[in-house]
Amino acid sequence: MNNKPRPYILSETNWKTVKENTYTVAMLPWGATEAHNYHLPYATDTIQAIYVASESARLAWETKAKPIVLPAIPFGVNTGQMDIPLCINMNPSTQYAVLKDIVQVLDSHNIDKLLIVNSHGGNNFKQMIRELSLEYPDVFICTINWWQAVNVSIYFDEPGDHAGELETSAMQFITPDWVLPLKDAGNGKAKQFKLKGLKEGWVSSQRKWTSVTKDTGVGNPQFATKEKGELFLKEVTKSIGEFIVELHHADLNNLYE
Ligand SMILES: [Zn+2]
């Protein structure tokens, strides 16, 4: 852990540094507060979003790009998990209001590029970006589900959806002390919809989480290792770091070829 304030992390830096830098790309880590099987912390998604955004920003900063990582939003859409104690739901309409206020600030401070680093499958910013583009046409907003930045099948036998091998490996690397031994974890076995279209994924709806899984996990964490997490996160942050550099240099009036 670096003890000096990193100039690309807003929470750590100061006005002196902010005045000296012309930041071009704001990055907004967005997580969730929810149970992750028995063995991972409630803030798993938020911790991952902060790690991925910060490390990607560091790589971009080293090439003289100017990203600034904003403080993370810790609450996600968890409407299907209201019966799990202390899963904190933030409705999409509330998320839109939060996002809009942040974009208003960026717009008035002439930071016209924003990347939302999303960490939670229940969050979906695509439609919000469309709506905001009418009100703030000068701010280019894009979003990434960080775990989709590289091909996961190279790194994991069975990545899983929620608290499975992928997320457990990532947390074993980022915050090893906050991951319980895997003997304490459930098997993450999940039921599927009975209806064919939903089962095959060409019809979508939300799942009632406690009807789908007993331990709140979806995906088996047993084959997770810190090494898999490290390797995967290295490639993910490299890929996102390169995107930040591209975005930093991009001319918003000339985005297409
Ligand atoms: Zn998660």
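Residues numbered from 1 in each chain as written. Predicted model: local features only at pLDDT ≥ 70, side-chain atom pairs only at ≥ 80, totals over all residues. Heavy atoms only, no water.

Enquirer: Would you mind going over the overall build of the chain with me for this structure?
Expert: The secondary structure content of the chain amounts to eight helices and four strands. What you see for the chain is a C-alpha radius of gyration of 19 Å, in line with the 18 Å of a compact globule of 257 residues. Along the first, second and third principal axes, the C-alpha atoms of the chain reach 50 × 40 × 40 Å. Taking all contacts inside the chain whose residues are at least 6 apart in sequence as the whole, residues at least 24 apart take part in 79%. Within the structure as shown, the chain displays about 14100 Å² of accessible surface, and the carbon and sulfur contribution to it stands at 54%. (Helix = DSSP H or I, 4+ residues; strand = E, 2+ residues; numbered from the N terminus. Rg over C-alpha atoms; globule rule 2.2 N^0.38 Å. Contact = heavy atoms within 4.5 Å. Areas by Shrake-Rupley, 256 points an atom, 1.4 Å probe, with all protein chains shown as cover.)

Enquirer: Sorry, what's going on with the nonpolar core here?
Expert: Most often, soluble globular proteins have nonpolar side chains that are buried together. Counting residues in hydrophobic clusters, the biggest one holds 55 residues, and the most contacted among them are Leu 99, Leu 114 and Trp 146. Not counting the four nearest positions on each side in its chain, Trp 146 is found in contact with Gln 48, Val 52, Val 117, Asn 118, Ser 119, Leu 166, Ala 170, Phe 232, Leu 233, Val 236 and Ile 240. In this structure, Ala 35, Ile 84, Cys 87 and Trp 209 belong to the second largest nonpolar core, which totals five residues. (Core = buried A, V, L, I, M, F, W, Y, C linked by side-chain atoms within 4.5 Å. Buried < 20%, exposed > 50% of the residue type's maximum accessible area, 1.4 Å probe, protein only.)

Enquirer: Looking at this structure, I do not really get the pattern of salt bridges. What am I missing?
Expert: Should the charged atoms of two oppositely charged side chains come close, the side chains can pair. Taken as a whole, this structure holds 12 salt bridges when the rule is applied. Put simply, Lys 100 and Glu 135 hold a salt bridge, and the shortest N to O gap is 3.6 Å. You can see Lys 100 sitting in helix α3 (residues 92–108) and its partner Glu 135 sitting in helix α4 (residues 126–135), a full 35 residues away along the chain. By relative accessible area, which is 41% here, Glu 135 ends up partly exposed. (Salt bridge = Lys/Arg side-chain N within 4 Å of Asp/Glu carboxyl O.)

Enquirer: For this particular structure, what's the right way to read the pairing of strand β4 (residues 140–145)?
Expert: In regular strands, side chains alternate between the two faces of the sheet. As paired elements, strand β3 (residues 113–118) and β4 share six bridges and run parallel to each other. By the bridge assignment for β4, Ile 116 is matched with Thr 143. Taken together, β3, α4 and β4 constitute a β-α-β crossover, and its handedness is right-handed. (Pairing = 2+ DSSP bridges. Right-handed = clockwise from strand over helix to strand, strands pointing away.)

Enquirer: How should the coordination of the zinc ion be read in this particular structure?
Expert: In ideal tetrahedral geometry, four donors around a metal make angles of 109.5 degrees, whereas ideal octahedral geometry with six donors gives angles of 90 or 180 degrees. Protein coordination at the zinc ion comes from His 36 (NE2), Asp 45 (OD), Glu 167 (OE) and Glu 167 (OE), with a distance range of 1.9 to 2.7 Å. For the zinc ion, the four donor atoms in the first shell make angles of 52 to 143° at the metal, so the coordination geometry reads as irregular. Along the chain, the residues that donate to the zinc ion are spaced as H-x8-D-x121-E. A residue pair is termed long-range when its members are at least 10 positions apart, and Asp 45 in helix α2 (residues 44–61) and Glu 167 in helix α5 (residues 165–174) qualify at 122 residues. (Donors = N, O, S within 2.8 Å, 3.2 Å for Na, K, Ca; no water. Tetrahedral: all angles 85-135°; square planar, octahedral: opposite > 155°, others 65-115°.)

Enquirer: How should α5 be read in this particular structure?
Expert: Along an α-helix, residues three or four positions apart point the same way, because every turn accommodates 3.6 residues. Along α5, nine of the 10 residues are buried, which leaves the element largely enclosed by surrounding structure. Elements in contact with the buried residues of α5: α2 and α8 (226–249).

Enquirer: Whenever I open this one, a nonpolar patch on the surface confuses me. Can you help?
Expert: A contiguous nonpolar surface patch, about 280 Å² in accessible area, is contributed by Tyr 42, Leu 86 and Ile 88. When you line up the elements, Ile 88 lands in the loop between β2 (67–69) and α3. Relative accessible area serves as the criterion here: at 33%, Ile 88 is assigned to the partly exposed category. (Patch = residues over 30% accessible without salt bridge, like charges linked within 9 Å, V, L, I, M, F, W, Y side chains within 5 Å.)

Enquirer: Is there a simple way to think about the packing of α2 against α5 in this case?
Expert: The packing of two helices is summarised by the inter-axis angle and the distance between the axes. Between α2 and α5, whose axes approach to 11 Å, the crossing angle comes to 65°. The element α2 and its partner α5 pack so that their crossing is left-handed. Every residue of α5 that contacts α2 at Thr 44, Asp 45, Ile 47, Gln 48 and Tyr 51 is listed here: Glu 167, Ala 170, Met 171, Phe 173 and Ile 174. Tallied by class, residues from the contact of α2 with α5 come to six nonpolar, two polar and two charged. (Axes fitted to C-alpha atoms, helices over the stretch in contact; angles between N-to-C directions. Left-handed = near helix turned anticlockwise from the far one by under 90°. Nonpolar A, V, L, I, M, F, W, Y, C, P; charged D, E, K, R; others polar.)

Enquirer: In this structure, what is going on with the pairing of β3? I would like to understand it.
Expert: Most of β3 sits inside the fold, with six of its six residues counted as buried. Along β3, one buried face is formed by Lys 113, Leu 115 and Val 117 and the opposite face, lined by Leu 114, Ile 116 and Asn 118, is buried too. Here six bridges tie strand β1 (residues 25–30) to β3, and the two strands are oriented parallel to one another. From the neighbouring strand, Met 27 faces β3, where its bridge partner is Leu 115.

Enquirer: Could you clarify how one ought to interpret the sheet that holds β4 in this entry?
Expert: The pairing of strands in a sheet comes from backbone hydrogen bonds and takes either a parallel or an antiparallel form. Read from one edge to the other, the open sheet built from four strands follows the order β2-β1-β3-β4, with strand pairing classed as parallel. Where the open sheet ends on each side, the last strands, each with one partner, are β2 and β4. If you compare each strand with its neighbour and ignore which way they point, the axes differ by 20° on average. Packing of α8 onto the sheet brings it into contact with β1, β2, β3 and β4, and relative to β3 it is tilted by some 165°.

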